[in-house]
Amino acid sequence: MKETILTTKELAARFIELVRQDKFYEAQTQLYADNCISIEANDFLLPKTVEGLQEILKKSELFESLVEQVHGRVISDPVIGGDYFTVSWSADMTFKGRDRFTMDEICVYKVHEGKIVFEQFFY
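What counts and what doesn't
- Residues numbered from 1 in each chain as written.
- Predicted model: local features only at pLDDT ≥ 70, side-chain atom pairs only at ≥ 80, totals over all residues.
- Heavy atoms only, no water.
- Core = buried A, V, L, I, M, F, W, Y, C linked by side-chain atoms within 4.5 Å.
- Buried < 20%, exposed > 50% of the residue type's maximum accessible area, 1.4 Å probe, protein only.
- Helix = DSSP H or I, 4+ residues; strand = E, 2+ residues; numbered from the N terminus.
- Contact = heavy atoms within 4.5 Å.
- Pairing = 2+ DSSP bridges.
- Salt bridge = Lys/Arg side-chain N within 4 Å of Asp/Glu carboxyl O.
- Axes fitted to C-alpha atoms, helices over the stretch in contact; angles between N-to-C directions.
- Parallel < 35°, antiparallel > 145°, perpendicular 65-115°, else oblique.
- Left-handed = near helix turned anticlockwise from the far one by under 90°.
- Nonpolar A, V, L, I, M, F, W, Y, C, P; charged D, E, K, R; others polar.
- Arc of directions from axis to C-beta.

Student: I'd like to hear about the nonpolar core, residue by residue, with values.
Tutor: Grouped burial of nonpolar side chains is what soluble globular proteins tend to show. In terms of nonpolar packing, the biggest core is built from 28 residues, with Phe15, Tyr32, Phe85, Trp89, Tyr109 and Ile116 touching the most fellow members. Elements supplying a minimum of two residues to this core: helix 1 (8-20), helix 2 (24-31), strand 1 (32-39), helix 3 (53-66), strand 3 (67-75), strand 5 (84-95), strand 6 (100-112) and strand 7 (115-122). Other than its neighbours up to four places away in sequence, tyrosine 109 contacts Phe15, Tyr32, Asp83, Tyr84, Phe85, Val87, Trp89, Ile116, Phe118, Glu119 and Phe121.

Printed below as a string of structure tokens:
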């Protein structure tokens with residue numbers, strides 16, 4: 001049975017649906033390619049660059065371990081351009097041992113053959 005390959009628009013819609021439900025693990029395991037690359041804006045809290053889905057999952061676990069409480073999130077609808085989509089993401093949160101603050105970022109994703117192969121965050 002042949003697997004259906006999602007278009008960039010379909011994948012972006014599914015991604016937004018999952019992350020708005022706080023289903024980050026499901027979004028990554030269902031929608032990311034095994035060889036995906038993830039680039040952060042800096043290496044202040046997380047590694048700047050990781051390669052491979054397993055390393056991205058580890059980075060997500062590390063991020064979650066640093067967060068004391070998420071007070072709210074706002075995730076925009078995706079903007080599609082060819083094989084890319086982008087969203088703005090605002091998170092009101094408290095990291096362990098730090099003051100509450102709002103983190104605003106732009107997230108850019110590249111899609112190839114129905115999977116996210118690249119993500120980069122600007123904040």
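From this point, the discussion proceeds with the structure in view.
Student: So, the pairing of strand 6: which residues are in play, and what are the values?
Tutor: Where strand 5 meets strand 6, 11 bridges bridge the pair, whose relative direction is antiparallel. Across the sheet, the residue bridging to threonine 86 is valine 108, located in strand 6. Linking strand 5 to strand 6, which pair antiparallel, is a turn of four residues; within it glycine 97 sits at a positive phi near 75°. Strand direction decides the pairing type here: strand 6 and strand 7, joined by seven bridges, are antiparallel. By the bridge assignment, tyrosine 109 is partnered in strand 7 with glutamate 119. Linking strand 6 back to strand 7 in an antiparallel pair, the connection comprises two residues, with glutamate 113 at a positive phi of about 50°.

Student: Pulling in residues and values, what's your account of the pattern of salt bridges?
Tutor: Using the criterion set out here, one finds six salt bridges in the structure. Its salt-bridge partner being lysine 58, residue glutamate 55 comes within 3.2 Å of it at the nearest N-O pair. Of this pair, glutamate 55 and lysine 58 both sit in helix 3, three residues apart, which is roughly one turn of that helix. The salt bridge partner of arginine 100 is aspartate 92, with a shortest N-O separation of 2.5 Å. By relative accessible area, which is 51% here, arginine 100 ends up exposed.

Student: I'd like a rundown of the side chain of threonine 8, residues and numbers included.
Tutor: The topology assignment puts threonine 8 in helix 1. Excluding its chain neighbours within four sequence positions, the residues that come into contact with threonine 8 are Ile80, Gly82, Asp83, Tyr84, Phe85 and Val111.

Student: Explain the packing of helix 1 against helix 2 to me, using residue names and the numbers behind them.
Tutor: Helix 2 packs onto helix 1 with a crossing angle of 155° between their chain directions and a minimal axis gap of 8 Å. Taken together, the axes of helix 1 and helix 2 lie roughly antiparallel to each other. Handedness of the crossing formed by helix 1 with helix 2: right-handed. The residues of helix 2 that touch helix 1, namely those facing Leu11, Arg14, Phe15, Leu18 and Val19, are Phe24, Glu26, Ala27, Gln30 and Leu31. Tallied by class, the residues present in the contact of helix 1 with helix 2 amount to seven nonpolar, one polar and two charged.

Student: Describe helix 2, listing the residues and the values that go with them.
Tutor: Every buried residue of helix 2 is accounted for by Phe24, Ala27, Gln28 and Leu31. Along helix 2, the residues classed as buried sweep out an arc of 100° about the axis, all on the same side. Check the buried side of helix 2 and you find it contacts helix 1, strand 1, helix 3, strand 3, strand 5 and strand 7.

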